[in-house]
Amino acid sequence: MTFEELVNDLMADEYNPNKVNNFLEAMEQTNKEQGERLQELLENRDFETLGRWVWNHTVEVMEGYANDRANYEIDNRSKWDER
């Protein structure tokens, strides 16, 4: 399985941004600047932009997790293959 295939599989299941727990995890990963931007969007009632930002942030965080996990899996598989 290639790196990309593994990431796609992980994004379709364990790190799926459509899952509520993954969404909440991504929101916990916001930094101070991002939190200020979210607050600004809420105060301005710019819900369309807010929705896009939240979705993109969730996908980015979950892709990062999936990439890290895929790298770990491939690295460990390579170590086992060397033995």
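Our subject is the structure that appears above.
All figures in this text were calculated on a predicted structure; none of them were measured in a lab.

Enquirer: What is the right way to read the environment of M27 from this model?
Expert: Tracing the backbone through its elements, the reader meets M27 in helix α2 (residues 20–28). Between the alpha carbons of M27 and T58 there is a distance of 7.1 Å; along the sequence they are 31 residues apart. Apart from residues lying up to four places away in sequence, M27 is in contact with W53, V54, H57 and T58.

Enquirer: Sorry, what's going on with the pattern of salt bridges here?
Expert: Across all of its chains, the model carries 5 salt bridges by this definition. Across the salt bridge formed by E40 and R37, the nearest N and O atoms sit 2.9 Å from each other. Separated by 3 residues within a single helix, E40 and R37 lie in helix α3 (residues 32–43), roughly one turn from each other. Look at E40 and you get partly exposed, because its relative accessible area is 39%.

Enquirer: Honestly, the side chain of T58 in this entry has me stumped. Any pointers?
Expert: Along the chain, T58 falls in helix α4 (residues 47–82). Once you skip the residues sitting within four places of it in the chain, T58 turns out to touch P17, N22, F23, A26 and M27.

Enquirer: What should I look at first to understand the nonpolar core in this one?
Expert: Inside soluble globular proteins, nonpolar side chains tend to come together where they are buried. Counting 15 residues, the largest nonpolar core has L10, M11, Y15, M62 and A66 as its most contacted members. Residue assignment for this core shows that the elements contributing at least two residues are α1 (3–12), α2, α3 and α4. Counting residues per element, this core draws most heavily on α4, at 6 residues. Not counting residues within four places of it along the chain, the set of residues in contact with A66 comprises V7, L10, M11 and Y15.

Enquirer: What am I meant to see in α2 here?
Expert: One turn of an α-helix holds 3.6 residues; hence residues three or four places apart share an orientation. For α2, the full list of buried residues reads N22, A26 and M27. The buried residues of α2 occupy an angular sector of 140° when the element is viewed end-on, so they sit on one face. In α2, the exposed residues that point more than 90 degrees away from the buried face are V20, N21 and E28.

Enquirer: I tried to follow the packing of aromatic side chains on my own but got confused; where do I start?
Expert: One pass over the full model with this rule turns up 1 aromatic pair. Pairing Y15 with Y65 gives two aromatic rings, centres 6.0 Å apart and planes at 65°, and the pair type is edge-to-face. Taken together, the positions of Y15 in the loop between α1 and α2 and Y65 in helix α4 put the pair 50 residues apart, joining distant regions of the chain. The exposure class of Y65 is partly exposed, given its relative accessible area of 27%.

Basis of the calculations
Residues numbered from 1 in each chain as written. Predicted model: local features only at pLDDT ≥ 70, side-chain atom pairs only at ≥ 80, totals over all residues. Heavy atoms only, no water. Helix = DSSP H or I, 4+ residues; strand = E, 2+ residues; numbered from the N terminus. Contact = heavy atoms within 4.5 Å. Salt bridge = Lys/Arg side-chain N within 4 Å of Asp/Glu carboxyl O. Buried < 20%, exposed > 50% of the residue type's maximum accessible area, 1.4 Å probe, protein only. Core = buried A, V, L, I, M, F, W, Y, C linked by side-chain atoms within 4.5 Å. Arc of directions from axis to C-beta. Phe/Tyr/Trp six-rings, centres within 6.5 Å; stacked < 30°, edge-to-face > 60°.

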